[in-house]
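Okay, here's what each chain looks like letter by letter:
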Amino acid sequence: MLKVNPHYEKLPGSYLFAEIARRVKEYGQEHPDAQLIRLGIGDVTRPLAPAVVEAMEKAAREMGRAETFRGYGPDYGYDFLIQAILDNDYQGLGIQADEVFVSDGAKCDVANVQELFSDDAVVAVTDPVYPVYVDSNAMAGRAGSYAQDRWDRLCYLPCTAENGFVPPLPDRPVDVIYLCYPNNPTGTVLTKEQLKPFVDYAKANGAIIVYDAAYKAFITSGAPRSIYEVEGAKDVAIECCSYSKTAGFTGTRCGFMVIPHGVKGIGGQGQPVELNAMWKRRMGSKFNGVSYPIQRAAEAVYSKDGWAQCMENIRYYLRNAQVIREGLEKAGYTVFGGVDAPYIWMKTPEGMGSWDFFDLLLNRYHVVGTPGAGFGPCGEGYLRLTAFNTLEKTQEAVERIVHG
Ligand SMILES: *Cc1c(COP(=O)(O)O)cnc(C)c1O
């Protein structure tokens, strides 16, 4: 009989959102008249920009005519999109066309990139963390065993109010560091000066950084939109980007990964190996590119109208975030994030546990958040609220919490 991948057995169940759904359902059944407001939504809600839809329609019609039909596209993405990415996202940062890989989204990229690392590579993640970095390495056997909310081969970098959500450098040698800024779940950012030590650490220790910039379009504070704004990052960092949050592509699917030629690991003969070349090899064997209409749609995000329309949606979410932040502060809560991200990370009052506070918000105010403990041990004592609901519902939720 087939022996299955033994590492899957070690994975804890995806408890967080299932447990939230269970509690919300149970409450709804007991209180059928309660008007619940969901501030736990982790998905965009605004429709695609008209300029994006127009480009998608036009490309779809091209596919229906013999003269303009296209079959397989390039494995790494069409030149028109890669050029738009270079011109808009990496102007002046010295990234080359063959360092950009168009994909069907950042989740797949951040999950798949670990295939390039040896089985015994040591991985560091922040705590709390976007679970994909952890799970993808656990499935490959790189995380060790799971007990008491932790994997014993992962190096956790705690991020709390006490350190201002600035992760400490790893306290033991690691090969890979996953960073995500603006951060999901905390909504916080790092400045260039705060990122620099990670680049320096990676250089000094032969490590690489996987930088998830899925929320870069939300940055308003002047924090870097790309890790390549940090000097030296092109030698040590891979960057993952997505149109999901930038342009509402969660159901449309398009993103890209940047792997500069300077990012290298060590091969079996002790020779340096470019991760760029390895990823090209992987994409050639395992990927056939993103569909033409979707790449045209992504290109349209950068058009004058497309960009203005996408930014209007981002401003809408950021306004919601501001409503949440200011309302909760007025009510005496301690809150973080929400300035450069659609997430607000609130401290539970009086050291209350994440799940107890989740229940309190649900029972007393009929507001649904996400318990911070679900994102890692250091998330205990926090709750994540998101800015993806409507302005009206967001305002009402905050009113309820402020005025009871
Ligand atoms: C939403 C999100 C992504 C984007 O994933 P896609 O697959 O591009 O939709 C990536 N990273 C984080 C941390 C996210 O929250």
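That block above? That's the structure.
Residues numbered from 1 in each chain as written. Predicted model: local features only at pLDDT ≥ 70, side-chain atom pairs only at ≥ 80, totals over all residues. Heavy atoms only, no water.

Some thoughts on the overall build of the protein
- When helices and strands are tallied, the protein shows 12 helices and 17 strands.
- Against the compact-globule benchmark of 22 Å for 404 residues, the protein has a radius of gyration of 22 Å, which places it among compact chains.
- Structurally, the protein occupies a C-alpha span of about 60 × 55 × 55 Å along its principal axes.
- Put simply, the protein has 404 residues, and 52% of those count as buried.
- Contacts spanning at least 24 positions in sequence make up 73% of the contacts within the protein whose residues lie at least 6 apart.
- Here the protein displays about 18000 Å² of accessible surface, and carbon together with sulfur accounts for 51% of that area.
- Positive and negative side-chain charges in the protein, numbering 40 and 49 respectively, have mean positions lying 2 Å apart. (Helix = DSSP H or I, 4+ residues; strand = E, 2+ residues; numbered from the N terminus. Rg over C-alpha atoms; globule rule 2.2 N^0.38 Å. Buried < 20%, exposed > 50% of the residue type's maximum accessible area, 1.4 Å probe, protein only. Contact = heavy atoms within 4.5 Å. Areas by Shrake-Rupley, 256 points an atom, 1.4 Å probe, with all protein chains shown as cover. Lys, Arg positive; Asp, Glu negative; His and termini not counted. Charge placed at Lys NZ, Arg CZ, Asp CG, Glu CD.)

A short note on the site of the ligand
- Surrounding the ligand, one finds 14 residues, the nearest of these being Tyr-215, Ser-242, Ser-244, Lys-245 and Arg-253.
- Tyr-215 places a polar side-chain atom, nitrogen or oxygen, 2.5 Å from an oxygen atom of the ligand.
- The separation between an oxygen atom of the ligand and a polar side-chain atom of Arg-253 is 2.6 Å.
- Contact with the protein chains removes 93% of the 390 Å² of surface that the ligand exposes when unbound.
- Contributing elements (two or more residues each) for the shell around the ligand: helix 4 (106-112) and helix 7 (243-247). (Near = heavy atom within 4 Å. Polar contact = N/O pair within 3.5 Å; in protein donor to acceptor, adjacent residues only side chain to side chain.)

Some words on the sheet that holds strand 14 (residues 343-347)
- Read from one edge of the open sheet, 4 strands run 13-14-17-16, paired in antiparallel fashion. Looking at the sheet topology across the chains shown, the edges are occupied by strand 13 (335-337) and strand 16 (370-371).
- Here strand 14 pairs with strand 17 (residues 382-386) via 5 bridges, running antiparallel. Its bridge partner lying in strand 17, Trp-345 is registered against Arg-384.
- Along the sheet, helix 11 (residues 354-365) makes contact with strand 14, strand 16 and strand 17, crossing strand 17 at roughly 45°. (Pairing = 2+ DSSP bridges. Axes fitted to C-alpha atoms, helices over the stretch in contact; angles between N-to-C directions.)

Some thoughts on the side chain of Asn-313
- With respect to the element layout, Asn-313 can be found in helix 10 (residues 304-330).
- Those residues in contact with Asn-313 that sit more than four places away from it in its chain are Arg-46 and Pro-47.

Here's the deal with the packing of helix 1 (residues 15-30) against helix 11
- As a packed pair, helix 1 and helix 11 sit with axes 11 Å apart at the nearest point and diverge in direction by 35°. Remark: the crossing between helix 1 and helix 11 carries right-handed chirality. Residue-level inspection shows Tyr-15, Leu-16, Glu-19, Ile-20, Arg-23, Val-24 and Tyr-27 of helix 1 in contact with helix 11, the latter providing Trp-355, Phe-358, Asp-359, Leu-362 and Asn-363.
- A class-by-class count of the residues in the contact of helix 1 with helix 11 yields 8 nonpolar, 1 polar and 3 charged. (Left-handed = near helix turned anticlockwise from the far one by under 90°. Nonpolar A, V, L, I, M, F, W, Y, C, P; charged D, E, K, R; others polar.)

Some remarks on the sheet that holds strand 8 (residues 208-212)
- Within the open sheet, the 7 strands sit side by side as 2-10-9-8-7-3-6. Their pairing is mixed. The open sheet has two edge strands with one neighbour each: strand 2 (100-103) and strand 6 (155-158). Put simply, the sheet's adjacent strands are angled 20° from each other on average, direction ignored.
- As paired strands, strand 3 (residues 123-127) and strand 6 are joined by 4 bridges and run parallel to one another. Residue Val-125 lies in a different strand from strand 6, and its bridge partner there is Tyr-156.

As for the pattern of salt bridges
- For the structure on display, the rule yields 15 salt bridges.
- Residue Glu-19 is joined to Arg-22 by a salt bridge in which the shortest nitrogen-to-oxygen separation is 3.0 Å. Residue Glu-19 and its partner Arg-22 are both found in helix 1; the two are separated by 3 residues, about one turn of the helix.
- The partner of Lys-286 in a salt bridge is Glu-115, and the shortest N-O contact between them spans 3.0 Å. Residue Lys-286 is located in helix 8 (residues 275-286), and its partner Glu-115 is located in the loop between helix 4 and strand 3; the two are separated by 171 residues in the primary sequence.
- Since its relative accessible area comes to 52%, Lys-286 is described here as exposed.
- Accessibility expressed as a relative area gives 34% for Glu-115, which makes it partly exposed.
- Through salt bridges with shared partners, one network takes in Glu-19, Arg-22, Arg-23, Glu-26 and Asp-359. (Salt bridge = Lys/Arg side-chain N within 4 Å of Asp/Glu carboxyl O.)

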